[in-house]
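Now for the letters of each chain:
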Amino acid sequence: MSEHAKTPAAKGGGAKASKPGGQKGILEAKGITKVFGSGEIEIKVLKGVNMHLNGGELTLMMGPSGSGKTTLLSILGCILSPTGGELLINGSSTKGLGAEGLADLRRKQVGFVFQSYHLFPTLTAVENVMLALDVRGSGVDNAVAEAENALKSVGLAHRINAYPKKLSGGEKQRVAIARALAGSPSVILADEPTAALDSENGSAVMALLSEVAKDPRRAVLAVTHDHRTLSYADRIIHIEDGRIVDSHKTEHSATEGRKSHAVI
Ligand code: ADP
Ligand code: MG
């Protein structure tokens with residue numbers, strides 16, 4: 001939590017820093033392009049993406065396979081550099097940052113959740129979360145307590161010492177969410193986090209991401225194909241062929257205190 005207290009306010013005075021409703025703009029993408037390959041095998045995957053993620057909001061992204069969702073998430077999460085355009089995280093531009101600078105920003109500011117969990121099978125739940133804290137550079141002293149708290153916050157207090165093979169798919173994804181949350185990054189990016197889950201577990205994971213997104217210091221973006229998960233969203237973005245073709249707020253995002261979904 002201390003990291004958030006130190007995080008500078010989004011770009012002082014900029015009209016774009018503060019969105020209607022008072023939420024803080026945590027991430028902003030301006031004219032992002034991405035080209036893979038060169039010459040005759042050049043593929044233009046992103047063709048000028050403008051978007052923002054606000055603190056306290058869950059944004060869901062939908063779009064056909066191959067439309068550039070994973071590529072965009074990788075750029076927003078500082079895993080990939082864009083070919084053109086600019087990314088601002090908490091008001092700081094990533095322009096001109098080399099691989100080291102980007103990796104540093106990613107470690108401090110971004111948590112990822114993947115479809116296939118990406119847990120280490122030989123580590124317990126708490127060890128998986130601690131490993132992420134280690135990567136973020138958190139002190140070893142409080143790593144155990146912090147990892148345990150992260151697992152408690154996703155409803156897994158009773159599974160702290162379980163190995164992944166003993167956990168259900170839904171529980172594994174909750175460990176992955178705890179790992180993403182550990183160290184309090186300000187951006188959580190989830191690439192089809194419910195795709196490997198049945199509808200009950202998928203719903204529970206979306207409910208959890210919706211709860212996670214209530215913290216105004218944090219923005220959450222999840223790629224989904226499942227229309228049933230849309231009720232959890234504050235904002236829905238549609239991407240097609242490398243362009244955002246629609247972005248709108250949902251009804252409940254404007255209402256006072258988003259519809260609360262039980263976290264199990
Ligand atoms: P989505 O997640 O929406 O299915 P992706 O972002 O994974 O889409 O991919 C978008 C397009 O970019 C696809 O045509 C894919 O083949 C291509 N692509 C993705 N990564 C690479 C890469 N490293 N090299 C070349 N082409 C790539
Ligand atoms: Mg994808």
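Note that the structure is predicted; figures quoted are calculated from it, not measured.

J.: Whenever I open this one, the site of ligand 1 confuses me. Can you help?
T.: As a structural note, the neighbourhood of ligand 1 is formed by Phe36, Gly37, Ile43, Val45, Gly63, Ser65, Gly66, Ser67, Gly68, Lys69, Thr70 and Thr71. If you list the elements that add at least two residues to the shell around ligand 1, you get strand S2 (43-54) and helix H2 (69-76). Looking at the shell around ligand 1 element by element, the count peaks at 3 residues for H2. Among the residues making up the shell around ligand 1, the classes are represented as 3 nonpolar, 8 polar and 1 charged.

J.: What should I look at first to understand helix H3 (residues 99-109) in this one?
T.: For an α-helix, the turn length of 3.6 residues means that residues three or four places apart are oriented alike. For H3, the full list of buried residues reads Leu105, Arg106 and Gln109. Down the axis of H3, the buried side of the element spans an arc of 100 degrees, and every buried residue falls inside it. Those residues of H3 that are exposed and angled more than 90 degrees off the buried face are Ala99 and Glu100. In this structure, the buried side of H3 is in contact with strand S4 (84-89), strand S6 (110-114) and strand S7 (187-191).

J.: I would appreciate a short explanation of the pairing of S7 in the present structure.
T.: Consecutive side chains along a regular strand alternate between the two faces of the sheet. Taking burial as the measure, the 5 residues of S7 include 5 buried ones, the bulk of the element. Residues of S7 alternate between two faces, with Val187, Leu189 and Asp191 on one and Ile188 and Ala190 on the opposite face, all of them buried. Bridge count for S6 against S7 is 5 bridges, and the pairing is parallel. Across the sheet, Phe112 pairs through a bridge with Leu189, a residue of S7. Strand direction decides the pairing type here: S7 and strand S8 (residues 219-223), joined by 5 bridges, are parallel. Among the inter-strand pairings, Val187 is bridged to a residue of S8, identified as Ala219.

J.: Explain unusual backbone geometry here, please?
T.: The general pattern is negative phi for most residues beyond glycine and trans for most peptide bonds. Despite not being glycine, Asn90 shows a phi value in the positive range, around 50 degrees. You can see Asn90 is positioned in the loop between S4 and strand S5 (92-93). Asn90 gets classed as buried once you count the C-beta atoms within 10 Å, which come to 24. Unlike most non-glycine residues, His118 shows phi in positive territory, near 55 degrees.

Analysis parameters
Residues numbered from 1 in each chain as written. Chains lettered and ligands numbered in written order. Predicted model: local features only at pLDDT ≥ 70, side-chain atom pairs only at ≥ 80, totals over all residues. Near = placed C-beta within 6 Å. Helix = DSSP H or I, 4+ residues; strand = E, 2+ residues; numbered from the N terminus. Nonpolar A, V, L, I, M, F, W, Y, C, P; charged D, E, K, R; others polar. Buried ≥ 20, exposed ≤ 12 C-beta atoms within 10 Å, placed from the backbone. Arc of directions from axis to C-beta. Contact = placed C-beta atoms within 7 Å. Pairing = 2+ DSSP bridges.

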